[in-house]
Amino acid sequence: MQRQGFNRTAVILHWLLAVSIFFLFISSWWMMGLPLPSPELQFRAFPFQLHKNIGITLVIIILMLLYVRLKYRPAPVDSTHMTPSMHWMAILAHVLIYGLVLSVCVTGYLSSAHTRWDTVFWWTIEFPRIAAPDEEMNEFWGELHTYAAWALLGIIAVHVSGAIYHAFRNDGIVRRMLRW
Amino acid sequence: MVSEGLNNNTPAWASILGVIAIMLGVFLTAVHGNEAMKQAVIVEHMPASGVMPEADCPPEELEEEGISVAECEYLIEHVKGMALSAPDWFPSAQMTLAGIGAILAFISIIIGGALVNYTPSASVAAVAVFSGLAIVDLLQFAAVVNTGPTLREVYLGGILLWFVLHLMLLVGAIAGRHTQANA
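Going by an unreviewed UniProt entry, chain A carries the name Nickel-dependent hydrogenases b-type cytochrome subunit superfamily and comes from Methylophaga thiooxydans DMS010. Listed in UniProt under the heading Sequence similarities (unreviewed entry), the comment for chain A reads: "Belongs to the cytochrome b561 family." As its UniProt record puts it under Cofactor (unreviewed entry), chain A is described as follows: "heme b".

As structure tokens, this is what we get:
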């Protein structure tokens, strides 16, 4: 027996993910405009650690979301509301979003792992060092992190446009992800 | 076999208004959350003397950030300018409004979902939440108007845009309610 909409846990995780991703984008643009760190200038310490905490948490959330989505699949969409090509585009966009979110998080962590700053997850769990500070590797992973983040923003724009398209048509497709 | 039916009788206005409220709510929760953090971080790390230390701009950091020495030094001046433009009451007022705004924005995501799966009470809640968000915008606008030119330049345009968006959502919800009442 299948539900018409997505599982409630999936819905909550989806919207938690959405808010977190937007917060990370907006806060990162701001925090990169803060003074570079020195013993007297610690403006960046809290925002960067929070950025890492949320990023690592996102990996956990997206893996949970993937599990719930695959375990409790909703009923297929009515073919009168979605042509096969639109259906495949939607699947591709979702796969890209999942892949890019994971890529952004992993590259961000690897970039951070090559700095002199430790990662203390939510200021409680100290992550073991996986690499020595290395400026070149930090820059390499940092650039991948940035490019993956821009790509993610682009694909999110496509995803949001799709949702708004279906909302304007009032065809019930967005309701599948909006059941509390 | 499909077990759980969704509400397939949602009026078009509620479907559109709901999704737009959700999209804006997601974005605004992040914006207000960031604003609260911004004020907390600046207040906590400003030197008590008000005199900012020299910029520390090692070449490898500049290369990594893709900025010049002049820009690195300007980052300190920028934060200093923001702090100088803010009266003593401003950070706490802004943090409070941003906190309330973040909560209301998050609630507007839930309300948006309720509009998309339309129930008459969803539109009542939507009117209340969109009014609350518009009031937060107005209070923020009033607070920023009473600061210096640096902060006015940074904030006023954005706040005005959010106020217009919330006013449109509010009027949309009221119009939708009237439409339903007359149907």
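Residue and element names in this part refer to chain A. Following the sequence through the fold, His87 ends up in helix H3 (residues 84-113). When the 14 C-beta atoms within 10 Å are taken as the criterion, His87 is described as partly exposed. Each C-alpha atom, one on His87 and one on Val77, is 8.7 Å from the other, the two residues being 10 residues apart in sequence. Once residues lying within four places of it in the same chain are set aside, the contact partners of His87 are Val77 and Met82.

With that settled, the discussion passes to the environment of Phe130 of chain B. Residues and elements named next belong to chain B. Its place among the elements puts Phe130 in helix H5 (residues 120-145). Taking the C-alpha atoms as reference points, Phe130 and Leu169, separated by 39 residues in sequence, lie 6.5 Å from one another. With residues up to four places along the chain from it excluded, the contact list for Phe130 reads His166, Leu169, Leu170 and Ala173.

A separate point is the UniProt feature "transmembrane region" (unreviewed entry) in chain A. All names here are of chain A. Here, UniProt's "transmembrane region" (unreviewed entry) annotation points to residues 12-30, 50-68, 88-110 and 147-168. Across residues 12-30, helical content stands at 100% and strand content at 0%; the span's end C-alpha atoms are separated by 27 Å. Helix makes up 100% of residues 147-168 and strand 0%, with an end-to-end C-alpha separation of 32 Å.

About the criteria used
- Residues numbered from 1 in each chain as written.
- Chains lettered and ligands numbered in written order.
- Predicted model: local features only at pLDDT ≥ 70, side-chain atom pairs only at ≥ 80, totals over all residues.
- UniProt positions renumbered as here; feature names shortened; annotations may be inferred.
- Helix = DSSP H or I, 4+ residues; strand = E, 2+ residues; numbered from the N terminus.
- Buried ≥ 20, exposed ≤ 12 C-beta atoms within 10 Å, placed from the backbone.
- Contact = placed C-beta atoms within 7 Å.

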